[in-house]
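Descriptive structure summary
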Amino acid sequence: MAKVWVQAITALHYENQGVHCTAEPGEWVNVGKHQARQWLASGQAVIPKPATRAKVEEYGLCGVRVRVPLVASADWGAQIDEDTDKAAFGDLADKLTFTWGEPAITHDYTIIWKPPAPVIPAAAKVGLARLHSFEGTDAEPWEMLAMLASETKWANGFGSREERDKTEAAIGDLRVPVYNTALLWVRRTERTEAVVARWVAELREGADERHAFLRALYAERVLMCTVNMDWQRKYVEWK
Amino acid sequence: MEIGVVYIAYGHNARTEAAHSIRTLRRHHDWPVTVIGEPIPGTQHIPWRGFGKPGRWAKVNLLDLSPFEWTLYLDADTRVRGDLSTGFDVLAAGWELAMVPSKREPRPLDILATDEREITLSELGDCWPVMINSGVMWFRRTARTTRLWQTWSEEWQRFKQHDQGALLRALNRSPVALWLLGRPFNGGEVVEHLFGRART
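No experiment lies behind these values; they were computed from the predicted model shown. (Residues numbered from 1 in each chain as written. Chains lettered and ligands numbered in written order. Predicted model: local features only at pLDDT ≥ 70, side-chain atom pairs only at ≥ 80, totals over all residues. Heavy atoms only, no water.)

1. Notes on the overall build of chain B
Looking only at helices and strands, one finds seven helices and nine strands in chain B. Its C-alpha atoms give chain B a radius of gyration of 16 Å, within 12% of the compact-globule value 16 Å for 200 residues. Seen along its three principal axes, the alpha-carbon backbone of chain B occupies a region of about 45 × 40 × 30 Å. Looking at chain B as a whole, 66% of its 200 residues qualify as buried. Expressed as a percentage of contacts within chain B between residues at least 6 apart in sequence, the contacts between residues at least 24 apart total 75%. (Helix = DSSP H or I, 4+ residues; strand = E, 2+ residues; numbered from the N terminus. Rg over C-alpha atoms; globule rule 2.2 N^0.38 Å. Buried < 20%, exposed > 50% of the residue type's maximum accessible area, 1.4 Å probe, protein only. Contact = heavy atoms within 4.5 Å.)

2. Here's the deal with the sheet that holds strand β5 (residues 45-46) of chain A
All names here are of chain A. Pairing within the open sheet is antiparallel, and its three strands lie in the order β4-β1-β5. With one partner strand each, in any of the chains shown, β4 (28-32) and β5 form the two edges of the open sheet. Taken together, the five bridges between strand β1 (residues 3-8) and β4 define a ladder with antiparallel strand orientation. Looking across to β4, one finds that K3 is bridged to G32. (Pairing = 2+ DSSP bridges.)

3. A look at the interface of chain B and chain A
Each side of the interface is counted separately: chain B has 44 residues, and chain A has 41 residues. For the pair chain B and chain A, the interface holds four salt bridges. For the salt bridge of E189(B) with R175(A), the shortest nitrogen-to-oxygen distance reads 3.3 Å. One can count 11 residue pairs in polar contact (both at pLDDT 80 or more) joining chain B with chain A. Among the secondary structure elements, those contributing two or more residues to the side of chain B that touches chain A are α4 (85-92), α5 (114-124), α6 (143-159), α7 (163-173) and β8 (178-180) of chain B. Broken down by element, the side of chain B that touches chain A gets its largest block of residues, six residues, from α6(B). Per-class residue counts for the side of chain B that touches chain A are 22 nonpolar, eight polar and 14 charged. (Salt bridge = Lys/Arg side-chain N within 4 Å of Asp/Glu carboxyl O. Polar contact = N/O pair within 3.5 Å; in protein donor to acceptor, adjacent residues only side chain to side chain. Nonpolar A, V, L, I, M, F, W, Y, C, P; charged D, E, K, R; others polar.)

4. Thoughts on the pairing of strand β7 (residues 132-140) of chain B
Residues and elements named next belong to chain B. For β7, the tally of buried residues reaches nine of nine residues, placing the bulk of the element in the interior. As paired strands, strand β4 (residues 70-74) and β7 are joined by five bridges and run antiparallel to one another. Note that in β7 the partner of Y73 across the bridge is M137. Across four bridges, strand β6 (residues 97-101) lies against β7 in antiparallel orientation.

5. Some words on empty space enclosed by the protein
In the structure shown here, the tally under the stated rule is five cavities of 30 Å³ or more. Looking at the largest cavity, its volume works out to about 160 Å³. Taken together, 16 residues make up the lining of the largest cavity; nearest its centre are R130(A), C225(A), T226(A), V130(B) and L168(B). Elements that contribute at least two residues to the lining of the largest cavity include exactly β11 (224-227) of chain A together with α7 and β8 of chain B. With four residues, β11(A) is the single largest residue contributor to the lining of the largest cavity. Its residues assigned to classes, the lining of the largest cavity shows 12 nonpolar, two polar and two charged. Among the residues making up the lining of the second largest cavity, the classes are represented as eight nonpolar, three polar and five charged. (1 Å grid on protein atoms, 1.4 Å probe; cavity = no way out; pocket = protein on both sides within 12 Å on 5 of 7 lines; lining within 4 Å. Points joined across faces, edges and corners; volume = space filled by probe spheres on them.)

6. Examining the pairing of strand β3 (residues 19-23) of chain A
Regular strands have side chains that alternate between both faces of the sheet. All names here are of chain A. Direction of pairing for strand β2 (residues 12-16) relative to β3: antiparallel, over a ladder of five bridges. Along β3, the bridge assignment pairs L12 with A23. Count of turn residues in the β2/β3 antiparallel hairpin: two residues, of which Q17 carries a positive phi of about 55°.

7. Topic: the packing of aromatic side chains
Two descriptors summarise a pair of aromatic rings, namely the distance from one centre to the other and the angle between the planes of the rings. Residues and elements named next belong to chain A. For the structure on display, the rule yields 16 aromatic pairs over all chains. Centroid distance F89 to W113: 5.2 Å. Interplanar angle 85°. Geometry classified as edge-to-face. Taken together, the positions of F89 in the loop between α2 (82-87) and β7 (97-101) and W113 in strand β8 (residues 109-113) put the pair 24 residues apart, joining distant regions of the chain. Accessibility classification places F89 together with W113 in one group, the buried group. Each member of the aromatic cluster is reached from another via a ring pair, and the members are F89, F98, W100 and W113. A cation sits over an aromatic face here: K153 above F158, 4.5 Å from the ring centre. (Phe/Tyr/Trp six-rings, centres within 6.5 Å; stacked < 30°, edge-to-face > 60°. Lys NZ or Arg CZ within 6 Å of the ring centre and 35° of its normal.)

8. Focus: unusual backbone geometry
In the segment running from P115(A) into P116(A), the intervening peptide bond is cis, with an omega of 5°. Inspection of the secondary structure puts P116(A) in the loop between β8 and α3 (121-130). In the Ramachandran plot, R221(A) falls in the positive-phi region, its phi being about 60° despite a non-glycine side chain. Relative to the helices and strands, R221(A) resides in the loop between α6 (209-220) and β11. Relative accessible area serves as the criterion here: at 29%, R221(A) is assigned to the partly exposed category. The phi angle at K160(B) is positive, at roughly 55°, despite the residue not being glycine.

What follows is the structure, encoded as structure tokens:
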């Protein structure tokens, strides 16, 4: 028989495989539907509305900052192709405002994107949603969301000796995960503004962007939601 | 700032493993050690009545139970092989919680039962969350971590099984300033983790 999870409002007495059990108020109990209906009808139990997934309330507050090179380099074309950039976001493109330039938080909720890093529109939408509040809670939501650059290599495995030394001086231990900075989801707050300001200042000086981002992040202590390095691809596969 | 180390131990296996772990800890640090659950000689003891799976129930109430302002929690089946002060340095830098991501499983949230896995993935809106291992945690008491632990306790009571699925759901509802450390600190050269050895 299918069972239902209910939460006790009053003490609940029931049998589980011949054993008499008691659930105290607040506890969750998994019982048959008939028992659950009785308790629900009498007000002894409730099925609370589950924490709903956060969602994007207003796309007018969301934008994409498409990064252009701060310093010209051979592997990054100088031409801006607005149509191609927007097309990468699929049906989200019509909802989001696009700007081009160095990394910046242009909207309350900004995706900072360095083409040609792949973008899966569905994952882009979920990333934005994760920066929004759950209904029924006043907890501060995540300020940033970023994918890991690797799940087996740490900061001591990336970048030049100079960059690693600089990061070690800043954060103390290089045995930490590194973030993929080609695609970042950012909610505008004082802390995230400070992270991006620090990061851009170092980028202008030619710093390794992954190490510079770690140093900036550590200094500002943002609420960072970390996702797997292939989060977007896995999102598509498992949807 | 009072710092210390907390273990949770219920049952003979867990006490034995925790005692081993504490011996290895002592080779590197002289921080005070508190054990929640059943006593281990040479440590402070906090008796606490279990509920459901007692070790997990204690873990999701750890913030209230720890006597320290800044706490390092270690699973009983860990072995300390190096310097653990990094985590406290992270707290000193202003972060609220330092933990280590788990190694990738063959499928998302593999350790969870089917119903909890499906509900967790649905609520996170995420098809393959980073699983964060709760066997090694540095934390300090703040408004956000207080809220996180309250939420973690509520979430764990929904299924009363593993604590890590509940932690993911709790973090999603009550984010904190979480700094991730690499696997050397949980399952590597600094903290070896003999997963499952403490269970009865």
